[in-house]
Each structure stands twice: as C-alpha cells, then as structure tokens.
Amino acid sequence: MLHVLQVEFCFEMTPYEDEATLKERCARTIRKRLSQDNCNITIKELRQALKRFPNSVGLHSMLGQVYLVKGSYAMARVHFKRALKLNPTHRTTLKYNQYLAQRTAAKNPTERPPI
C-alpha cells in the first residue's frame, strides 16, 4: 500500500527529466501517499504531470487507480479508458479496469482495491 510524503511536490518535473523517470518517481510517491488517503493531492499532481505528457499510458493508469481508491469510479473509468486507447494491452490498466468493473457490479463497491 501507499505512504505519504507530506512536503515534497514530487510531480514538478525538471527540464531534463524524461517520461520514464517521471513515471517511476510518480509511482513511488503515489504508493507512499495512498496508504494515508491523500488522494486529492495526488490527483492534482498527476493531472499536472499529464499536462506535460498527455499521452502517457502510465500516468493515465496511475490517475485511474487513485480515482478508484478514492471511490470516484466514473473518473477512474475515464482514465483507464484513455490508457487502454493508447495501449490496449497495458497489463496494469487491464487489471484495475477489470477490478473497477467487478466493484461497480458488486454489492459492496467500497472495498479498497489491492494496490
């Protein structure tokens, strides 16, 4: 699960940072934050990162996962759909998109996803 870095605004990108480095750093920070339910901060930062890399499958998938944890299923679906449009075989997105479908069909959609 994810733990929070309270002060670091990790999604500020340096001019020399590439997409792979950004995604790796984002993923580490997201895991740190979500365990303490700081979804809104993470959403804001991922949306900012997507301004720089709007076609990043990984960033859309991560944002969908955060929305899933938050319980914003419609927004999770939007970002999973975008990620799968960019890469229909992205395993992580497929996994969480399937989980989302199961949660929305289940009687207890409030159970947290296995992140």
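Position numbers for residues start from 1 in each chain and track the written sequence from start to end. Predicted model: local features are reported for residues with pLDDT of at least 70 only, side-chain atom pairs are reported and counted for 80 or more only, and whole-chain, interface and lining totals are derived from all residues. Note that the side-chain values use all heavy atoms of the structure and ignore hydrogens as well as water.

If you trace the backbone, Ser 56 turns up in the loop between α2 (39-52) and α3 (57-70). The spatial distance from the C-alpha of Ser 56 to the C-alpha of Lys 23 is 8.8 Å, given a sequence separation of 33 residues. Polar contacts, as used here, are pairs of N or O atoms within 3.5 Å; protein pairs need one atom able to donate a hydrogen and one able to accept it. Residues neighboring in sequence count only if both atoms are side-chain atoms. A polar side-chain atom of Ser 56 sits 3.1 Å from the main-chain amide nitrogen of Leu 59. Put simply, DSSP H or I for four residues or longer makes a helix, DSSP E for two residues or longer makes a strand, and each gets a number counted from the N terminus.

Closest axis-to-axis distance for the α3/helix α4 (residues 73-86) pair is 8 Å, and the angle between their directions is 160°. Taken together, α3 and α4 sit at an angle that is classed as roughly antiparallel. Where α3 crosses over α4, the two elements pack in a sense that is left-handed. For the pair formed by α3 and α4, the contact residues are Val 57, His 60, Ser 61, Leu 63, Gly 64, Gln 65, Tyr 67 and Leu 68 on the first element and Tyr 73, Met 75, Ala 76, His 79, Phe 80, Arg 82, Ala 83 and Leu 86 on the second. Fitted lines through C-alpha atoms serve as axes, helices being fitted only where they are in contact, and the angles separating the N-to-C directions of these axes extend from 0 to 180 degrees. What sets the label is the angle itself: under 35 degrees gives roughly parallel, over 145 gives roughly antiparallel, 65 to 115 gives roughly perpendicular, and the rest give oblique. When the near helix sits turned anticlockwise from the far one by under a right angle, the crossing is termed left-handed; a clockwise turn instead gives a right-handed crossing. Note on contacts: a residue pair qualifies if any of its non-hydrogen atoms lie within 4.5 Å across the two residues.

Attention shifts here to the side chain of His 60. Within the fold, His 60 resides in helix α3. Judged by its relative accessible area of 7%, His 60 falls in the buried class. Separated by 2.9 Å, the side chain of His 60 and the backbone oxygen of Pro 54 make a polar contact. With residues up to four places along the chain from it excluded, the contact list for His 60 reads Leu 50, Pro 54, His 79, Arg 82, Ala 83 and Leu 86. Throughout, exposure labels follow a simple rule: accessible area from a 1.4 Å probe, protein chains only, divided by the maximum for the residue type, with under 20% read as buried, over 50% as exposed, and the rest as partly exposed.

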